[in-house]
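Results of the structural survey
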Amino acid sequence: MINLFLRRLMYAVPIAFGVSVVCFSLVYLAPGDPLQTILPSDASADTIAMVKAAYGFDKPLPIQFLKWLGRVMVGDFGQSIATRRPVVLEVTGALYNTSVLALFAVPIAFSTGFSMGAIAGCFPGKWIDRVLTGSAVLGVSLPNYWFGIVLVIFFAVEAMVLPATGMGANGSDQFNFLRWSDARYLVLPVITLSMVPIGIIARTTRAAVAEVMNQDFVITLRAKGLSETAVIRHVLKNALPQVLAVMGLQFGYLMGGSILVETVFTWPGSGFLLSKAIINRDVPVLQGTILMLALIFVATNLLVDLMQSWIDPRIRRT
Amino acid sequence: MSSPLVEVQDLNVRFVTRESTAHAVNGVTFSVQPGEVLCILGESGSGKSVTLRALMRLLPANKARISGSIKVDGQDVLALDAAGLSRLRGGLVSMIFQEPMTALDPVYTIGDQIVETIRRHKGGTKAAARARALELLELVKIPSAAQRLDNYPHELSGGLRQRAMIAMALSCGPRLLLADEPTTALDATVQIQVLILLRKLQADLGMGTIFVTHDLGVASEIADRIAVMYAGRIIEEGPVADILANPLHPYTRGLMASTVHGQSRDRDIDAIPGSPPDLRQLPPGCAFAPRCAQASGDCLTAPPEPRYPAPGRMARCVQVSAKTPEFA
Ligand SMILES: Nc1ncnc2c1ncn2[C@@H]1O[C@H](COP(=O)(O)OP(=O)(O)OP(=O)(O)O)[C@@H](O)[C@H]1O
Ligand SMILES: [Mg+2]
């Protein structure tokens, strides 16, 4: 198992490297000159050259990249052009806020989606399957920001039982785990964010379970006299690797934060930060956020991979 | 004669879908004595597997319509409730399947799959069940059995997998073993080893056995009696030596003519021209008549009734001299 872990880790390293190359190139891929935003439009050629040298833009690209990578390795992503604060602080702050939501949305969405899909997959074609699969499709196809607004109108504006926006009392922009009453601020955004992953995971689980149910070995299990519960346990274990793959992706999306949902609930997370950085052409923030999110994706994939091969030994060999 | 272990009376299985109804098994009657080996012989699609699965009620409940009567060890299988069925399956009756790769759960070890069967029927601790599983693997002659317990199915060769399958089937001391072409998927040499093993275990443990095959050679090795199926009917039945020496039904004769020694087993139906009937639209008469050289007008009106020309022998063909059943 440790061997396997090291082998998978070796795959992850070049991927992470590739990701960093892409992030670095963002500055050059993005239309326009990154210096335009900070320099006055009438800046003299001398000033431009000076600023270029100050930011290191005068060096050849590979050198620039290596220098950048060296700084990134020690957690220095530079300064936000918009706020002048270190990018690390911006990014970690936003990621922290988003992960507060994910911390609740992930267990809720994953367990609900998995249970719905498992029940539907065990009774394909029955009414319960139709109801559950129908709800899953609805969850995926309704725009979640619209759903969020509906929830706000219902629970915040009409019933006034839950706050509409923000992270805590007095417009706090830091979620306080120790203040129990602040939990109310989580309810609506977490429900809104859970809709899509519930739908996607339910559909994947249903398909996987229904497929496994049709495999020959299920007849063997029944022929052994196992109870239906025991048979379903076998089936779920067989279906799990496929489901985990999708769960990993959904986890990545949740960590990326939803620009629209975070805007609706004024929740300053990574989606929020990304949209701000794009609007302000804040390239260092963009680079830092994207690199962090990409690394989270890579790490999640690694974890999913390991869990899959732990469950299904046939995956271990490839 | 002791009371039979299996008594099947007028078994019918239809598969009903919105578009059509397939008559997979049509009025099958047979019995198996304790310790006896009955081979069901027939070409692909003749209803052998469906008959076997009906004995354990393993057919999909939403599609399969079963009628008739099935008694195993005196129990009315078609009337069993879920608890009774689960006791029967794997306890009183076990099944071995054709494809040991797909018939075992790929994500559980061989040992776990045997242990779970033992504990389901006999209870006891995990350790005790594991010790028993090890004994079973040794019984079916799996080399280095202790390590094999922790292997997953894909880590074993086809022959070993099938042995593990057999070990699992034997784990709770069944009185009836159902084997659905257990050697067809194996290499020729492995096939013979597994066959010899099965025959020996069957005799040692005194299990009644129903062994499905489309290979006359295999049937002659292992069977006490043979039942030949065609289009969901048993068209001939009798002691193995008698049938081999003197087949009564034209279809059985055709089967034998095509398996004369040395011929490729895959082409075994070539000697009989034509192909089996569509089970969704069976002809009103003898289902074999369209392919039969000796068919006459009588054959086309109604399926021939069983005739019993000699003790223990039965054939459904108008040409067999119609004696009164000596014993029915
Ligand atoms: N679950 C099912 N649903 C619908 N039809 C089925 C089902 N199982 C079997 N049948 C049909 O019943 C008929 C008999 O099938 P069966 O599997 O018993 O044949 P067989 O004699 O075992 O053949 P083979 O040698 O190929 O295994 C076939 O026409 C098959 O299509
Ligand atoms: Mg079959």
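The residue numbering used here restarts from 1 in each chain and proceeds along that chain's sequence as written. Each chain takes a letter, starting from A, and each ligand takes a number, starting from 1, following the order in which they are written. Only residues with pLDDT of at least 70 are given local features in this predicted model, and only at 80 or more are side-chain atom pairs given and counted; all residues enter the totals for whole chains, interfaces and linings. With hydrogens and water stripped out, all remaining heavy atoms of the structure feed into the side-chain values.

**Looking at the pattern of salt bridges**
Side chains that carry opposite charge are capable of pairing whenever their charged atoms lie near each other. By definition here, a salt bridge exists when the distance from a side-chain nitrogen of Lys or Arg to a carboxyl oxygen of Asp or Glu is within 4 Å. This model, assessed by the stated rule, comprises 16 salt bridges over all chains. The salt bridge involving A:Asp312 is made with A:Arg314; its shortest N-O contact spans 2.9 Å. For A:Asp312, a relative accessible area of 8% translates into the label buried. One salt bridge connects B:Asp150 with B:Arg130, and the closest N-O pair in it is separated by 3.2 Å. Placement of B:Asp150 in the loop between α6 (145-148) and α7 (158-170) and of B:Arg130 in helix α5 (residues 126-139) is noted, with a sequence separation of 20 residues between them. When accessible area is computed with a 1.4 Å probe and restricted to protein chains, residues below 20% of their type maximum are described as buried, those above 50% as exposed, and intermediate ones as partly exposed. When its relative accessible area of 42% is taken as the criterion, B:Asp150 is described as partly exposed. Connected via shared salt-bridge partners are B:Glu36, B:Arg225 and B:Glu237. Note on conventions: DSSP H or I runs of at least 4 residues are helices, E runs of at least 2 residues are strands, and numbering of each starts at the N terminus.

**Re the packing of aromatic side chains**
Within 6.5 Å between ring centres, the rings of Phe, Tyr and Trp (the latter by its six-membered ring) count as paired, and their orientation is classed by plane angle as stacked under 30 degrees, edge-to-face over 60, tilted in between. All told, the structure shown has nine aromatic pairs over all chains when counted by the stated rule. On the basis of an interplanar angle of 85° and a centroid distance of 5.2 Å, the ring pair of B:Tyr230 and B:Phe288 is categorised as edge-to-face. Placement of B:Tyr230 in strand β9 (residues 225-230) and of B:Phe288 in the loop between α11 (250-258) and β11 (314-315) is noted, with a sequence separation of 58 residues between them. B:Phe288 carries the same exposure label as B:Tyr230, and that label is buried. Three or more aromatic residues link up through ring pairs in this structure, and these residues are A:Phe17, A:Phe24, A:Phe65 and A:Trp68. Stacked on the ring of B:Tyr108, the Lys or Arg A:Lys237 has its end atom at 4.4 Å from the ring centre. Criterion for a charge above a ring: Arg CZ or Lys NZ at most 6 Å from the ring centre, at most 35 degrees from the ring normal.

**Focus on the domain arrangement of chain B**
Residues and elements named next belong to chain B. Split by domain assignment, chain B resolves into domain 1 (34-58 + 77-92 + 175-286) and domain 2 (98-173). Note that domain bounds follow an automatic or database assignment of domains. A separation of 25 Å is found between the C-alpha centroids of domain 1 and domain 2. Facing 21 residues of domain 1, the contacting portion of domain 2 comprises 17 residues. What gets called buried area is simply the loss in accessible area from a 1.4 Å probe that two parts show on being joined, summed for both. Contact with domain 2 buries surface across domain 1, with Ala185, Leu197 and Leu201 losing the most and accounting together for 28% of the total. Whenever two N or O atoms come within 3.5 Å, that pair is a polar contact, provided that in protein one can donate a hydrogen and the other can accept it, and provided that, for residues adjacent in sequence, both atoms are side-chain atoms. Remark: the boundary between domain 1 and domain 2 carries four residue pairs in polar contact (both at pLDDT 80 or more). Listing elements by their share of the side of domain 1 that touches domain 2, those giving two or more residues are α2 (82-88), β7 (176-180) and α8 (188-205). Examining the composition of the side of domain 1 that touches domain 2, we find that seven residues originate from one element, α8, more than from any other. The contact criterion used throughout is that any non-hydrogen atoms of two residues lie within 4.5 Å.

**What to know about the site of ligand 1**
Residue and element names in this part refer to chain B. One heavy atom within 4 Å of a molecule or strand is enough for the residue carrying it to be called near that molecule or strand. Ligand 1 sits among 15 residues. The nearest are Ser44, Gly45, Lys48, Ser49 and Val50. A distance of 2.6 Å is found between an oxygen atom of ligand 1 and a side-chain nitrogen or oxygen belonging to Ser49. Within the backbone of Val50, an N or O atom sits 2.9 Å from an oxygen atom of ligand 1. In these tables, accessible area is a Shrake-Rupley quantity obtained with a 1.4 Å probe, and a residue counts as shielded only by the protein chains included in the view. Taking 630 Å² as the accessible area of ligand 1 by itself, protein coverage stands at 66%. Considering every element that reaches the shell around ligand 1, the biggest residue donor is helix α1 (residues 48-55), with three residues. When the residues that make up the shell around ligand 1 are grouped by side-chain class, the tally is five nonpolar, six polar and four charged. As a working rule, the residues Ala, Val, Leu, Ile, Met, Phe, Trp, Tyr, Cys and Pro are called nonpolar, Asp, Glu, Lys and Arg charged, and the rest polar, with Gly in that last group.

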